[in-house]
Amino acid sequence: MIEVYAIADHPGPPLPDVNGVRAVPAGRIAALCADVEETALSPAALWAHEAVVEALMEDRDLLPVRYGTRLADEAQVLRAVAERHDALLAALDGVRGAAEVSLRVVAPTDGPAPAEAAARVHEQLAGQARAATVLDAGESRDLLRAAYLVDRGGSAGFAEAVATHQRAHPDLRLLCTGPWPPYSFAER
Amino acid sequence: MSTAVADQEVALIDLVDRLLGGGVVIAGDITLAVADVDLVYVQLRALISSVATAEDKHLLPRMGSAL
């Protein structure tokens, strides 16, 4: 099986020596992929996948591909990428020079959930980002799960803004992680 | 739950959100359906305490990153 990690420009800079990743080019883009064995889902497997994507992102723009995208052979990879060439290139253009920062706002364990305060924090942070999106919080107690697209190198400054909001809202827990590849902005 | 355990969980939950719920979908044999994500959270949370925390590096602020 071939796992597809990301879509990037073609031609691009030399690929890092990580997990045997190679490029399958289709027009102006390429699928960055590697042969993989079946693996059980585990935190270690997810972090290993993430490490490959981050290594690829160090010296190129890329669209991360949904985890678990596996195809039988290179012909199938080529067909999948070629079919959506223009849309993928447009999506890649949308994340150039950017990384993603994650924010979760967790409600206090007792007392009323300050949902309005969480919404205001999101609104103000979104104003500082290139783009922002609210993610499904599922069945969690999170008041907000959001992602912000920020300039590469800008995540520390963004985290400082989050810290300022945290100090202003001691009743909320603001959980900020990143920088991540732009997973939440890859499908536009 | 101790603060330390909670902090370890933060980055893993965010990673799961991104890998299983984000990323561009191209044609292919997606091995995990989005509908299974909640089940995955439950399974992963049971494993978190045994994981060496590679995820710590994602807790912001992280300075000097290439990303």
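By convention here, each chain's residues receive numbers from 1 onward along its written sequence. Working convention: letters from A go to chains and numbers from 1 go to ligands, in the order in which they are written. Restriction of local features to residues with pLDDT of at least 70 applies here, the model being predicted, together with a cutoff of 80 or more for giving and counting side-chain atom pairs; totals for whole chains, interfaces and linings are based on all residues. Values reported for side chains reflect all heavy atoms of the structure, with hydrogen atoms and water molecules removed beforehand.

A. Examining the sheet that holds strand S8 (residues 142–151) of chain A more closely. Residue and element names in this part refer to chain A. Any two strands with at least two DSSP-identified bridges between them are counted as paired. Note on conventions: DSSP H or I runs of at least 4 residues are helices, E runs of at least 2 residues are strands, and numbering of each starts at the N terminus. Read across the sheet, 4 strands follow the order S7-S8-S6-S9 without closing on themselves; strand pairing throughout is antiparallel. Bordering the open sheet on either side are strand S7 (131–134) and strand S9 (173–180), each of which pairs with just one other strand. Each strand of the sheet is rotated relative to its neighbour by a mean of 20°, with strand direction disregarded. For strand S6 (residues 98–106) and S9, the ladder comprises 6 bridges, and the chain directions are antiparallel. Note on S9: the bridge partner recorded for valine 105 is leucine 174. Two residues qualify as a contact provided that any one of their heavy atoms is within 4.5 Å of a heavy atom in the partner residue. Under this scheme, a helix contributes an axis fitted over its contacting stretch, all axes are lines through C-alpha atoms, and angles between N-to-C directions fall in the 0 to 180 degree range. Running at roughly 5° to S8, helix H4 (residues 115–128) makes contact with S6, S7, S8 and S9 of the sheet.

B. Summary view of the domain arrangement of chain A. All names here are of chain A. For the domains described, the bounds stem from an automatic or database domain assignment. According to the domain assignment, chain A consists of domain 1 (2–95) and domain 2 (98–185). Measuring from the centre of the C-alpha atoms in domain 1 to the corresponding centre in domain 2 gives 27 Å. Accessible area, probed at 1.4 Å, shrinks when two parts are joined; the buried area is that loss added up over both. Buried area between domain 1 and domain 2, both sides added, is near 940 Å², and the carbon and sulfur share of it is 58%. Ranking the residues of domain 1 by area buried against domain 2 places Met57, Pro64 and Val95 at the top, with a combined share of 54%. Salt-bridge detection follows one rule: a side-chain nitrogen of Lys or Arg within 4 Å of a carboxyl oxygen of Asp or Glu. Where domain 1 meets domain 2, there are 1 salt bridge. For the side of domain 1 that touches domain 2, the elements supplying multiple residues, two or more each, are helix H1 (43–57) and strand S4 (62–64).

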